[in-house]
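An overview of the molecular structure
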Amino acid sequence: MINASVLSKNKVITQNQGNIVSDMDGEIVMLSIEKGNYYNLGVLGGEIWSLIEKPITISDLLDKLMSQYDVSQQECEEEVLSFLSDLYNEGLIILLADI
């Protein structure tokens, strides 16, 4: 598990290449070619996945999600950072830089 400072809001993230992604009844599922693992990102996870197709700061990602959903900033940050941490630990996203 990575610590929270690695995924601070000023980090730029994007999808790691080499995954087969499919929409199955509104839920995004993915197969990591490198690891041979299957992931079900669900609906919201799939939306996050599409938002990080191009490099984006975590702060901008959080802003976009909070503008679309009725969620508190604290809850959004906790849930999204936890999800991103899981993706990072699985090698599904990469950190590009700080802004």
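Quick caveat, the model's predicted, so the values are computed rather than measured.

The rules behind each value
- Residues numbered from 1 in each chain as written.
- Predicted model: local features only at pLDDT ≥ 70, side-chain atom pairs only at ≥ 80, totals over all residues.
- Heavy atoms only, no water.
- Helix = DSSP H or I, 4+ residues; strand = E, 2+ residues; numbered from the N terminus.
- Buried < 20%, exposed > 50% of the residue type's maximum accessible area, 1.4 Å probe, protein only.
- Polar contact = N/O pair within 3.5 Å; in protein donor to acceptor, adjacent residues only side chain to side chain.
- Salt bridge = Lys/Arg side-chain N within 4 Å of Asp/Glu carboxyl O.
- Core = buried A, V, L, I, M, F, W, Y, C linked by side-chain atoms within 4.5 Å.
- Contact = heavy atoms within 4.5 Å.
- Patch = residues over 30% accessible without salt bridge, like charges linked within 9 Å, V, L, I, M, F, W, Y side chains within 5 Å.
- Areas by Shrake-Rupley, 256 points an atom, 1.4 Å probe, with all protein chains shown as cover.

**Looking at the side chain of Thr57**
Within the element layout of this structure, Thr57 appears in strand β5 (residues 56–57). Classification of Thr57 as buried rests on a relative accessible area of 8%. A polar contact of 3.0 Å, which involves the side chain of Thr57, links it to the backbone nitrogen of Asp60.

**So, the pattern of salt bridges**
Tallying each qualifying case throughout the model produces 2 salt bridges. Close ionic contact of Glu77 with Lys9 constitutes a salt bridge, the shortest N to O distance being 3.1 Å. Of the two residues, Glu77 sits in helix α3 (residues 73–89) while Lys9 sits in the segment before β1 (11–15), which places them 68 residues apart along the sequence.

**Topic: the nonpolar core**
In summary, soluble globular proteins display a tendency toward joint burial of nonpolar side chains. The biggest cluster of nonpolar side chains holds 21 residues, and the ones touching the most others in it are Leu41, Trp49, Leu61, Val80, Leu84 and Leu87. Take this core: its biggest share by element is 5 residues, from α3. With residues up to four places along the chain from it excluded, the contact list for Trp49 reads Gln15, Asn16, Asn19, Val21, Met30, Leu41, Leu87, Leu92 and Ile93.

**Description of a nonpolar patch on the surface**
Judged by side-chain polarity, Ile20, Met24, Leu31, Ile33 and Tyr38 come together as a nonpolar surface patch covering roughly 510 Å² of accessible area. By secondary structure assignment, the location of Leu31 is in strand β3 (residues 27–32). Given a relative accessible area of 33%, Leu31 falls into the partly exposed group.

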